[in-house]
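Remarks on the overall topology
Now for the letters of each chain:
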Amino acid sequence: MTDDLTDVLREQVREAGHAGTALRIRGHDSKAFYGEPVDGKPLDLSAHRGIVDYEPTELVLTARAGTPLAEIEALLAEKGQVLAFEAPRFDGRGTLGGAVASGLAGPRRPWGGAPRDLILGVRLLDGRGQVLRVGGQVMKNVAGYDVSRLMAGSLGTLGVLLEISLKVLPAPIETRTLLLELLREAALARLRELARQPCPLSGACHLDGRLYLRLSGAHASVDAWAQRIGGEVPAPGNTFWEHLRDQRLDFFERPGQTLWRLSLAPATPRLACERDSLLDWAGAQRWVFTDHPAEAIREQVAAYDGHAEIFHRGEGETAPFQVLSPILVMLHRRIKERFDPAGILNPGRLGAVC
Amino acid sequence: MRDSTLEQRRHHLALRFADHLAPEFILMNEEERRPYECDGLSAYRLLPLLVVLPGNIEEVQAVMRVCYEERVPVIARGAGTGLSGGALPREDAVLLGLSRLNRILALDPDNLCARVQPGVRNLAISEAARPYGLYYAPDPSSQIACTIGGNVAENAGGVHCLKYGLTVNNLLALEIVTVKGERLRIGGSGLDSPGYDLLALLTGSEGMLGIVLEVTVKLLPIPQRTQVALAAFDDVEQAGQAVADLIAEGILPAGLEMMDQASLRAAEDFVHAGYPTDAAAILLCEVDGDNDEVSEEIARVRRRLLESGASEVRTAHDEAERARFWAGRKAAFPAAGRISPDYYCMDGTIPRKHLARVLREIAALSEEYGLRAANVFHAGDGNLHPLILYDGNAPGELERAEEFGGKILELCVEVGGTITGEHGVGMEKINQMCAQFPPEELQLFHAIKAAFDPHGLLNPGKAIPTLNRCAEFGAIHVKAGDLRFPHLERF
């Protein structure tokens with residue numbers, strides 16, 4: 001099914017703008033838990049779907065925001081290409097718009113980038129119901145401010161994404177997983193050493209005394225590095241990386257508990273709050289369950305110039321995102337005001353200022 | 001201030017700056033200001049009101065506070081190698097030279113990053129990182145001279161963007177000073193930061209939103225080996241198809257460059273790279289990685305290029321030959337300078353599939369304007385650099401060259417591309433912005449500017465044209481082949 005609902009959506013946004021009705025933008029709603037809850041009338045994008053343009057030899061794909069990630073990934077796979085940011089698909093669902101709006105990326109992030117790295121252009125509806133086109137469909141474009149990257153991770157607070165153009169990449173010829181029994185500090189030391197070599201890493205995760213490495217590249221290169229690194233090769237059909245990406249590992253199965261996401265320099269030592277944690281991105285992303293108070297966690301992380309957010313909020317938990325500095329608050333407010341003067345687009349989802 | 005003469009303003013400001021900077025770093029005399037009159041786009045020149053050369057962040061803050069109080073515009077400048085006039089001075093503006101802020105503050109091999117001041121040269125970062133087996137990937141052709149602060153301002157690219165991305169993909173954090181002189185940190189030590197992605201917004205903002213005073217860049221492991229193939233084609237279209245075939249094959253080259261006959265002949269005459277001068281076009285395809293990977297990849301590249309109709313494919317036997325293959329491409333601009341008194345370098349990006357059409361139309365425009373053009377092309381990412389050859393001493397030729405260039409950029413927009421891939425808009429392409437963006441998008445850009453700089457003091461008049469300017473320029477907004485009001489006749 002392919003449908004362009006731009007006109008319908010524009011009318012809905014215009015009406016909401018006139019009436020001052022808050023809108024809660026949703027695709028598959030698979031990430032409804034993420035960010036502050038929005039009290040608003042649902043604006044459903046899931047029927048605004050379809051791949052508008054895909055030219056494998058240009059490495060560019062353009063699709064409507066409601067297009068399921070699964071549909072896009074299946075089409076890319078036919079041509080031996082991938083969305084390098086490995087967007088998480090919670091419960092197997094998720095749309096392209098949601099992936100970009102949340103800005104989240106999977107295990108390949110340090111090597112393959114996030115949505116913000118691969119976005120080339122977007123068509124969006126601002127809070128006045130005006131259709132704007134920013135960026136384009138070419139890989140190098142420095143005309144005007146980079147507003148399309150600004151959309152990535154803005155959680156729908158600046159505009160309703162209608163159509164997104166992305167850079168896609170060739171799928172690796174060969175991928176192999178290695179498993180090393182290493183305690184955390186030893187694993188991080190091993191990673192520091194590998195990171196300085198031209199090793200074709202595409203995943204590095206530590207969990208329960210095991211370091212999981214993923215190598216992606218040319219056959220000969222993957223072979224040579226697998227030998228050099230050693231370790232076991234898990235049974236064929238191992239779905240560790242898929243499960244990590246979509247948070248289906250047992251580690252994540254703790255209903256009702258708060259799950260923290262820490263973003264840090266990879267070699268940052270273990271923080272006090274990290275007793276029960278999973279390291280992804282070679283140590284740059286840490287998933288943590290802890291009973292430390294939010295304030296203490298944010299302080300520990302700030303000491304290393306990182307940041308912490310609540311990904312899944314447990315009962316009685318505080319605001320998911322950290323408070324911004326006064327200058328940043330002012331800038332966010334002014335930017336938000338331009339895109340959404342009436343404050344109707346996902347108000348508050350990214351925190352009180354937006 | 002507003003009614004006083006420029007001379008009075010100069011003296012008044014110099015006095016105020018003297019509270020914060022040593023006198024030798026406040027340049028007032030005409031001969032001291034003269035070296036700053038232009039950047040790499042030397043056809044445009046203006047003397048700045050005065051030049052200040054602060055040596056640390058506190059001095060920059062002090063300068064900005066004075067300028068903000070006095071409502072004097074400020075234009076930041078790094079090495080002045082930019083090609084679009086982004087650092088072109090104004091007679092009523094302070095030129096803020098950041099070249100003294102040239103220290104590498106921290107190199108952190110464990111976290112694959114370096115924290116540097118804005119006046120550090122691009123290549124100096126890679127040189128400092130080399131002992132750790134690391135380097136900084138974006139490599140604009142001016143990397144020996146251009147500074148990282150300027151790279152951030154322009155979102156600089158280079159020949160390796162297809163695989164390694166632009167400046168924006170290789171940054172972790174920025175420390176900026178706002179128009180009011182406040183310090184602001186954007187980004188952090190991790191890969192993600194809270195709030196909107198202001199790091200992306202600042203990158204490529206051409207000094208219009210803030211002054212970059214510290215940059216944290218990502219470092220990558222130096223590839224173990226690099227190999228390059230040179231392929232000759234009898235036909236430009238075939239060369240363009242070969243690029244598409246390589247990509248379809250799943251090959252992601254580190255660099256993929258095309259030169260047309262005019263540019264490869266000029267380069268060959270200049271540096272004797274051994275290029276086949278009877279070819280209509282050549283492709284240079286570079287692959288990098290570890291030893292095994294490169295051997296496997298270069299074999300695939302070679303086979304694919306031959307299957308796509310290359311009349312000849314050579315692979316470099318050693319480092320010297322690889323350097324020679326590249327020497328011609330790297331000398332393409334000066335080579336044009338040898339066969340013509342002046343040349344004008346353009347910088348559009350197009351969807352690659354339209355290459356043949358765009359080159360045909362450039363040839364037609366070349367006839368029409370009576371000026372020769374040579375084309376070099378970052379073929380992997382669609383970034384085209386036509387070089388228009390002209391003689392600045394011949395009356396009217398510069399104007400003709402500029403008009404010809406403007407037409408090329410409008411053509412890029414028409415086929416779905418953009419007026420600048422990596423050089424920035426600056427002063428040079430400000431009129432063509434009107435062709436690329438409709439009024440509502442230009443208004444959005446102005447609103448973003450106003451969020452950071454409500455009085456319009458940071459590099460005013462660059463990068464984003466006013467709607468009035470567009471009205472005067474009379475641009476017809478053409479996007480992806482759709483002409484507005486298609487029922488009206490156009491002459």
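Residues numbered from 1 in each chain as written. Chains lettered and ligands numbered in written order. Predicted model: local features only at pLDDT ≥ 70, side-chain atom pairs only at ≥ 80, totals over all residues. Heavy atoms only, no water.

A word on the interface of chain B and chain A
Each partner contributes to the interface: chain B provides 89 residues, whereas chain A provides 72 residues. Interface area, chain B with chain A, both sides summed: about 6700 Å², of which 60% is carbon and sulfur. The tally of links from chain B across to chain A stands at nine salt bridges. Across the chain B-chain A interface, the total number found is 34 residue pairs in polar contact (both at pLDDT 80 or more). Every element with two or more residues in the side of chain B that touches chain A is listed here: helix 6 (161-164), strand 9 (183-187), helix 7 (198-202), helix 8 (236-248), helix 10 (291-307), helix 15 (430-436) and helix 16 (439-452) of chain B. Per-element accounting of the side of chain B that touches chain A gives the leading share, 11 residues, to helix 16 of chain B. In terms of residue class, the side of chain B that touches chain A is made up of 40 nonpolar, 27 polar and 22 charged. (Contact = heavy atoms within 4.5 Å. Buried area = accessible area lost by both parts, 1.4 Å probe. Salt bridge = Lys/Arg side-chain N within 4 Å of Asp/Glu carboxyl O. Polar contact = N/O pair within 3.5 Å; in protein donor to acceptor, adjacent residues only side chain to side chain. Helix = DSSP H or I, 4+ residues; strand = E, 2+ residues; numbered from the N terminus. Nonpolar A, V, L, I, M, F, W, Y, C, P; charged D, E, K, R; others polar.)

Some details on the packing of aromatic side chains
Residue and element names in this part refer to chain A. If you walk through the whole model with that rule in mind, you get 15 aromatic pairs over all chains. Centroid distance Y212 to F240: 3.7 Å. Interplanar angle 5°. Geometry classified as stacked. With a gap of 28 residues between them, Y212 in strand 12 (residues 210-217) and F240 in helix 9 (residues 240-245) connect regions that are remote in the sequence. Here F240 falls in the buried class, since its relative accessible area comes to 7%. Three or more aromatic residues joined by ring pairs form one cluster here, namely F33, Y34, F90, F251, F252, W287, F289, F311 and F321. (Phe/Tyr/Trp six-rings, centres within 6.5 Å; stacked < 30°, edge-to-face > 60°. Buried < 20%, exposed > 50% of the residue type's maximum accessible area, 1.4 Å probe, protein only.)

Side note on the sheet that holds strand 3 (residues 51-55) of chain A
Residues and elements named next belong to chain A. Spatially, five strands are ordered 3-4-8-6-7 in an open sheet, and the strand pairing comes out antiparallel. The open sheet has two free edges, formed respectively by strand 3 and strand 7 (131-135), since each of these has just one partner strand. Sheet twist, expressed as the average angle between the axes of neighbouring strands with direction ignored, equals 10°. In this sheet, strand 4 (residues 60-64) lies alongside strand 3 in antiparallel orientation, the contact comprising four bridges. (Pairing = 2+ DSSP bridges. Axes fitted to C-alpha atoms, helices over the stretch in contact; angles between N-to-C directions.)

Topic: the environment of V425(B)
Here V425(B) is to be found in the loop between helix 14 (397-414) and helix 15. Along the chain, V425(B) and A363(B) lie 62 residues apart, while their C-alpha atoms are 24 Å from each other.

A few points about the pairing of strand 4 of chain A
Residue and element names in this part refer to chain A. Across the five residues that make up strand 4, a large majority, five, are buried. The alternating pattern of strand 4 places V60, T62 and R64 and L61 and A63 on opposite faces, both of which are buried. Counting the residues between successive antiparallel strands, the hairpin from strand 3 to strand 4 contains four residues, one of them, L59, with a positive phi of roughly 60°. Direction of pairing for strand 4 relative to strand 8 (residues 160-167): antiparallel, over a ladder of five bridges. Residue pairing in the sheet places T62 in a bridge with S165 of strand 8.

Considerations on the side chain of R214(A)
All names here are of chain A. Inspection of the secondary structure puts R214 in strand 12. Note on R214: relative accessible area 8%, which makes it buried. Within the structure, the side chain of R214 is placed 3.1 Å from the side chain of E86, a separation counted as a polar contact. For R214, the residues in contact, after removing those within four places along its chain, are E86, P107, R108, T175, R176, T177, P200, L201, S202, G203 and W241.

Description of the pattern of salt bridges
All names here are of chain A. With the rule as written, the count across this model stands at 61 salt bridges over all chains. The shortest N-O distance in the salt bridge between E174 and R176 comes to 2.9 Å. Residue classification places E174 among the buried positions, given a relative accessible area of 19%. Residue D223 is joined to R176 by a salt bridge in which the shortest nitrogen-to-oxygen separation is 2.5 Å. Of this pair, D223 sits in helix 8 (residues 219-229) while R176 sits in strand 10 (residues 174-181), and the two are 47 residues apart along the sequence.

Observations regarding the packing of helix 11 (residues 326-339) of chain A against helix 16 of chain B
The description of two packed helices rests on the angle between their axes and on the distance between the axes. It is at 9 Å that the axes of helix 11 of chain A and helix 16 of chain B come closest, and there the two elements cross at 160°. In terms of axis orientation, helix 11 of chain A runs roughly antiparallel to helix 16 of chain B. Considering the relative orientation of helix 11 of chain A and helix 16 of chain B, their crossing is right-handed. Contacts between helix 11 of chain A and helix 16 of chain B involve M330(A), L331(A), R334(A), I335(A), R338(A) and F339(A) on the former and, on the latter, E440(B), Q443(B), L444(B), A447(B), A450(B), A451(B) and F452(B). Here the residues of the contact of helix 11 of chain A with helix 16 of chain B sort into nine nonpolar, one polar and three charged. (Parallel < 35°, antiparallel > 145°, perpendicular 65-115°, else oblique. Left-handed = near helix turned anticlockwise from the far one by under 90°.)

What to know about the domain arrangement of chain A
Interface size is commonly expressed as the accessible area that is lost once the parts come together. Residues and elements named next belong to chain A. Considered domain by domain, chain A is made up of domain 1 (6-170) and domain 2 (174-245). Here domain 1 and domain 2 have C-alpha centroids that lie 31 Å from each other. Contacts between domain 1 and domain 2 engage eight residues on the former and nine residues on the latter. Approximately 760 Å² of surface area, both sides summed, lies buried where domain 1 meets domain 2, with 51% of it carried by carbon and sulfur atoms. Sorting the residues of domain 1 by area buried against domain 2 places R89, P107 and W111 first, and these three jointly supply 66% of that buried surface. Taken together, the links from domain 1 to domain 2 amount to three salt bridges. Here E242 ties to R89 by a salt bridge, and the two come within 3.0 Å at their closest N and O atoms. Applying the counting rule to domain 1 against domain 2 returns five residue pairs in polar contact (both at pLDDT 80 or more). Within the side of domain 1 that touches domain 2, the residues separate by chemical class into four nonpolar, no polar and four charged. (Domains from an automatic or database assignment.)

A look at the state of the cysteines
Residues and elements named next belong to chain B. Summed over all chains, the structure comprises one disulfide over all chains. Here C434 connects covalently by a disulfide to C470, the sulfurs 2.0 Å from one another. In this structure the cystine formed by C434 and C470 twists about its S-S bond by roughly -80°; its chirality is therefore left-handed. With a gap of 36 residues between them, C434 in helix 15 and C470 in helix 17 (residues 467-473) connect regions that are remote in the sequence. The same class applies to C434 as to C470, namely buried. Sulfur of C146: no disulfide; nearest cysteine sulfur belongs to C161 and is 12 Å away. Residue C161 is classed as buried on the basis of its relative accessible area of 6%. (Disulfide = S-S within 2.5 Å.)

Here's the deal with unusual backbone geometry
Backbone geometry follows two general trends: most residues other than glycine have a negative phi, and most peptide bonds adopt the trans configuration. Residues and elements named next belong to chain A. Even without being a glycine, E86 presents a positive backbone phi close to 45°. By the element assignment, E86 lies in the loop between strand 5 (81-82) and helix 3 (96-102). Overall, the relative accessible area of 13% leaves E86 in the buried class. Backbone geometry places N346, a non-glycine residue, at a positive phi of 40°. By the element assignment, N346 lies in the segment after helix 11. The class of N346 is buried, set by a relative accessible area of 2%.

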